[in-house]
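Secondary and tertiary structure notes
Residues per chain, in single letters:
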Amino acid sequence: LSSPTVKPVLRPARPEDKGAIAAFTAATFAWGDYVTERFDAWLTGTDALTLVAEVNGVAVGLAHGSLLSPTEAWLRGLRIHPDHRRHRLGAALLEHLIGWATERGARVVRLSTEAWNEPALRLFESLGFRPAGSWLAAERVLASGPPQPQGNGGKRVPAAERLTPAPPADAEVAMLGWAAGPLEVAAHGLFAADWSWRRLTLSDLEAAARRRALWQARSGWAVGEMDEKTFQLSWLCSYPEDARLMLRALIDLALRAGADRLEMEVPDVDWLRGALEQAGFELHPLRVCARAL
């Protein structure tokens, strides 16, 4: 691999960096990359910093940090040009963002990656990050088509339970139902929002209820709402004996909302994984890591 001809310069990203970043991230995944889609919004976001590593006047590395609460920071979008890897640029970008978050009062910084991404996990460990939960990104197509192979292959019937909107006054009941439960323990108290994880608070559930996104049934609670044609779930409270009923109710809810897809990020526990597989969800294991500041 080539070495940078000059020492990399770390600086805030500028609009004119987008072209260079798009060029070296075009093949990050088989489908491309999300960073250029988010780049403009990242530059205008509050309580956030988009950082680039520049070599010879060209951006060859990228990472984004944001404050999710007064004490919690989230890092994402770490990308390094293939010609400049193995020179600790990723570590330098993350350390700079960690310092930025510390100066702004963060007490913990978190990030995530796919469970199979061993190089990223080794990098995070070298910077003092420790495991903070195993998660599943679960997705299911809802449009009509052939039966799901994990199901019984028969005609789908309505769920035995129907999820209904919960009023803000019931948010505390939902919070109590989750506290010390199996998913709260596995989640380490965190929930996922826009592919970032932070601690769930009562105000989060109250806010969801006010926008009619907190749902309740006998088998549990959930926070979910439409994002274009996808019904996106950001929080789930259920139990081993109720998980299958809850998932069927969620599928019905998403269909009633007109969604083509149902997506969620949930803790990776055996009983929920099994229920998701039986319901025909495609699963992608993730690791969330945290570093105390």
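Located above this text is the structure these notes cover.
This write-up is about the structure you can find in this document. Note that the structure is a prediction, hence the values are computed from the model and not measured. (Residues numbered from 1 in each chain as written. Predicted model: local features only at pLDDT ≥ 70, side-chain atom pairs only at ≥ 80, totals over all residues. Heavy atoms only, no water.)

**Focus on the sheet that holds strand S10 (residues 214-217)**
Short version of the rule: Here, a strand pair is defined by DSSP locating no fewer than two bridges between the strands. The helix and strand labels rest on DSSP assignments: H or I over at least four residues marks a helix, E over at least two residues marks a strand, and numbering proceeds from the N terminus. Contacts are assigned to residue pairs with any non-hydrogen atoms lying within 4.5 Å of each other. Simply put, an axis is a line fit to the C-alpha atoms, just over the touching stretch for a helix, and the angle between two N-to-C directions goes from 0 to 180 degrees.
The sheet built from 12 strands is open, its strands ordered S1-S2-S3-S4-S5-S14-S6-S13-S12-S11-S10-S7 with mixed pairing. Two strands in the sheet have a free side with no partner beyond their single neighbour: strand S1 (9-12) and strand S7 (164-165). Across eight bridges, the pairing between strand S6 (residues 130-141) and strand S14 (residues 282-292) is antiparallel. Bridge pairing in S14 links Arg130 to Ala290. On top of the sheet, helix H7 (residues 202-210) reaches S10, strand S11 (220-227) and strand S12 (230-237); it is set at about 90 degrees to S10, its chief contact.

**So, the packing of aromatic side chains**
What counts is decided by this rule: Between 30 and 60 degrees the pair is tilted, below 30 it is stacked and above 60 it is edge-to-face, where a pair is any two Phe, Tyr or Trp rings, Trp via its six-membered ring, whose centres lie within 6.5 Å. Here's how the labels work: a residue is buried when its accessible area is under 20% of the maximum for its type, exposed when over 50%, partly exposed in between, all with a 1.4 Å probe on protein chains only.
Taken as a whole, this structure holds six aromatic pairs when the rule is applied. Geometrically, the ring pair formed by Trp74 and Trp197 is tilted, given 5.6 Å between the ring centres and 35 degrees between the ring planes. You can see Trp74 sitting in strand S4 (residues 72-80) and its partner Trp197 sitting in strand S9 (residues 197-199), a full 123 residues away along the chain. Just as Trp74 is buried, Trp197 falls in that class too. Pairing Trp195 with Trp197 gives two aromatic rings, centres 6.5 Å apart and planes at 75 degrees, and the pair type is edge-to-face. Under the relative-accessibility criterion, Trp195 is labelled partly exposed at 40%. The buried category is assigned to Trp197, whose relative accessible area is 0%. An aromatic cluster is defined as three or more aromatic residues linked by ring pairs; in this entry it consists of Trp74, Trp135, Trp195 and Trp197.

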